[in-house]
Amino acid sequence: MKTVGIIVEFNPFHNGHKYLIDKAKKVTKADNVIVVCSGNFVQRGMPSFFDKSIRTKAALLNGVDVVLELPVMYATASAETFAASAVRLLDKLNCVDYLCFGCETDNIKALPIVADILLKEPEDYKNMLSVYLKNGFSYPKARAKALTDYCNENHILSEYIVNQMIGQANNILAIEYLKALKNFHSSMKPLAIKRTGSSYHSDVLDNTFASATGIRKAIRNKQSIKDFIPDNCVNLYPIHEENSQYMELNDFSRILGCQLIHNKDFTKYYDISQDLSNRIQHFTSQFTDIDSFIEQLQSKNYTYSGISRILCHILLNIHQTDMNEFIAHDYFDFVRVLGFRKQNKIISKIKSQSSLELIGKFSSYYNRSTGIARRMLDINMSADALYRMVYMNKYNEQLPTEFERQICIL
């Protein structure tokens, strides 16, 4: 019995995701698909468009057998930490044969070459990176330039190929997945599948395989998305002509604004340097909403996504010291099941072989949890409570608490 693991957000689930799942099963001849999915906040530092239960059900209706939740502190982290934590989760299940991921490149052979350089960080590469960082480039741009220079000098890859590898979102994650597999000495075999249709950031609906970005924009603009999502999701998503129900970053502006006012030093939060802390403090008096605040904070050193993530860490009270301890503790001791297909036996296999404790009944595990596990659960539960409160205030409609949320079983 072969199993393929996929790391996802499904924000929201669309035809491209269905294609990836079907292709992964076909290529690997896998009997089971396990996905590790972000919960109610995603890697760009934003709330998920739809609640995690809706996204879980969409996955189970379209070829996924088990949906496991990636804790919020990892789900909102940089690509490196996001990828490492999710790979480690799948690896600790001790039953996943393949790690499948989408990417933009046709040059699949170049991915592990770039991953190997970034993992080993040769001395020449590190020196080049240091020079670009000292010259004020953001880390992503400095890394791209250093990698290009290193590959050129050592006649490894052309500048065009390097830029292609690290200039597109899915390629960046693919490289991080490969790094993590090597770093953890994982037995999972990587499988890269070329992305088809619109690019990750494209907001134009001109292809059956539209991006999640384009689909979210269409929903905001009250356009039909039925051609871009599986038929079984049309009535699942809370989308209506006059009153679609979805969550956006600015829905949390008042809460973040209050936290900015009551803080003077932001370096305690995950991934915030002293320089960025000073910059946030300087612009706090001009804060009106999150989107415009991100634009104010942007500079050549700080990307939109990077700033969005660190503001999310402030919003969700994710501290650097906690993250250091969680990662040092091998990321986690538990995994929460969001949903599974009951006719499939893979959930029983996970229970018997995993080194992680599966959380089925949340209240039962929470009440006996202690130490690091309890702290992780508290951070995750607080984030979900915030999402729930803002949603209910926006739509005057109830969402279950984490103690009330039921596992989705199909």
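Above this text sits the structure in question.
1. Side note on the overall build of the protein chain
Part 1 of the argument: Helix and strand counts for the protein chain stand at 18 helices and ten strands.
Part 2 of the argument: What you see for the protein chain is a C-alpha radius of gyration of 21 Å, in line with the 22 Å of a compact globule of 410 residues.
Part 3 of the argument: Its C-alpha atoms put the protein chain at 55 × 55 × 50 Å along the principal axes.
Part 4 of the argument: Counting over 410 residues, the protein chain shows a buried share of 56%.

2. Observations regarding the side chain of Thr3
Part 1 of the argument: By the secondary structure assignment, Thr3 is in strand β1 (residues 3-8).
Part 2 of the argument: Judged by relative accessible area, Thr3 falls into the buried class, the value being 0%.
Part 3 of the argument: A polar atom in the side chain of Thr3 sits 3.1 Å from the side chain of Asn32.
Part 4 of the argument: When neighbours within four sequence positions are excluded, Thr3 is seen to be in contact with Ala30, Asn32, Ile34, Cys95, Val96, Asp97, Tyr98 and Ile346.

3. Focus: the packing of helix α5 (residues 110-120) against helix α9 (residues 169-183)
Part 1 of the argument: With their axes 9 Å apart at the nearest point, α5 and α9 run at an angle of 60 degrees to one another. Pair α5 / α9 crosses with right-handed handedness. Two secondary-structure elements touch here, α5 through Leu111, Pro112, Val114, Ala115, Asp116, Leu118 and Leu119 and α9 through Asn171, Ala174, Ile175, Leu178, Lys179, Lys182 and Asn183.
Part 2 of the argument: The residue inventory of the contact of α5 with α9, partitioned by class, reads nine nonpolar, two polar and three charged.

4. Examining the layout of surface pockets
Part 1 of the argument: Looking at the second largest pocket, its volume works out to about 240 Å³.
Part 2 of the argument: Considered class by class, the residues forming the lining of the second largest pocket number five nonpolar, four polar and three charged.

5. Structural notes on the pairing of strand β6 (residues 98-103)
Part 1 of the argument: Extensive coverage of β6 is indicated by the burial of six of its six residues.
Part 2 of the argument: Residue alternation in β6 divides its side chains into two sets, Tyr98, Cys100 and Gly102 and Leu99, Phe101 and Cys103, and both sets are buried.
Part 3 of the argument: Looking at chain direction, β1 and β6 are connected through three bridges and run parallel. The residue of β6 that forms the bridge with Ile6 is Cys100.
Part 4 of the argument: Two strands pair when backbone bridges link them, and β6 and strand β7 (residues 189-194) are joined in this way by six bridges, in the parallel orientation. Counted as the bridge partner of Tyr98 is Lys189 from β7.

6. Some thoughts on unusual backbone geometry
Trans peptide bonds make up the majority, and among non-glycine residues the majority have a negative phi.
Part 1 of the argument: Cis geometry is found at the peptide bond from Asn11 to Pro12, where omega equals 0 degrees.
Part 2 of the argument: Relative to the helices and strands, Pro12 resides in the loop between β1 and α1 (15-28).
Part 3 of the argument: Notably, Lys222 is not glycine yet its phi reads approximately 60 degrees, a positive angle.
Part 4 of the argument: Considering the arrangement of structural elements, one finds Lys222 in the loop between α10 (212-220) and α11 (253-261).
Part 5 of the argument: Positive phi values are uncommon outside glycine, yet Asp330 reaches one of about 65 degrees.

7. With respect to empty space enclosed by the protein
Part 1 of the argument: Applying the stated criterion across every chain yields a total of three cavities of 30 Å³ or more.
Part 2 of the argument: Reported here for the largest cavity is a volume of approximately 110 Å³.
Part 3 of the argument: If you trace the largest cavity, you find 13 residues lining it, with Glu69, Phe334, Arg336, Leu377 and Asn380 closest to the centre.
Part 4 of the argument: Looking at the lining of the largest cavity element by element, the count peaks at five residues for helix α18 (residues 371-395).
Part 5 of the argument: Of the residues belonging to the lining of the largest cavity, the class tally is eight nonpolar, one polar and four charged.

8. Thoughts on the pattern of salt bridges
Part 1 of the argument: Taken as a whole and judged by the stated rule, the model has 21 salt bridges.
Part 2 of the argument: In this structure, Lys179 and Glu80 form a salt bridge, with 3.3 Å as the shortest nitrogen-oxygen distance. Taken as a pair, Lys179 in helix α9 and Glu80 in helix α4 (residues 79-92) lie far apart in primary sequence, 99 residues in all.
Part 3 of the argument: Lys179 gets classed as buried once you look at its relative accessible area, which sits at 7%.
Part 4 of the argument: When the shortest N-O distance is used, the salt bridge between Glu176 and Lys179 registers 3.2 Å. Linking Glu176 with Lys179, this pair stays in helix α9, spanning three residues, or about one helical turn.
Part 5 of the argument: Exposure remark for Glu176: the relative accessible area of 4% places this residue in the buried category.
Part 6 of the argument: Within this structure, Asp51, Lys52, Glu69, Arg336, Asp384, Glu402 and Arg405 form a network of salt bridges that share partners.

Calculation rules
- Residues numbered from 1 in each chain as written.
- Predicted model: local features only at pLDDT ≥ 70, side-chain atom pairs only at ≥ 80, totals over all residues.
- Heavy atoms only, no water.
- Helix = DSSP H or I, 4+ residues; strand = E, 2+ residues; numbered from the N terminus.
- Rg over C-alpha atoms; globule rule 2.2 N^0.38 Å.
- Buried < 20%, exposed > 50% of the residue type's maximum accessible area, 1.4 Å probe, protein only.
- Polar contact = N/O pair within 3.5 Å; in protein donor to acceptor, adjacent residues only side chain to side chain.
- Contact = heavy atoms within 4.5 Å.
- Axes fitted to C-alpha atoms, helices over the stretch in contact; angles between N-to-C directions.
- Left-handed = near helix turned anticlockwise from the far one by under 90°.
- Nonpolar A, V, L, I, M, F, W, Y, C, P; charged D, E, K, R; others polar.
- 1 Å grid on protein atoms, 1.4 Å probe; cavity = no way out; pocket = protein on both sides within 12 Å on 5 of 7 lines; lining within 4 Å.
- Points joined across faces, edges and corners; volume = space filled by probe spheres on them.
- Pairing = 2+ DSSP bridges.
- Salt bridge = Lys/Arg side-chain N within 4 Å of Asp/Glu carboxyl O.

Remember that the coordinates give geometry; whether it matters functionally is a separate question.
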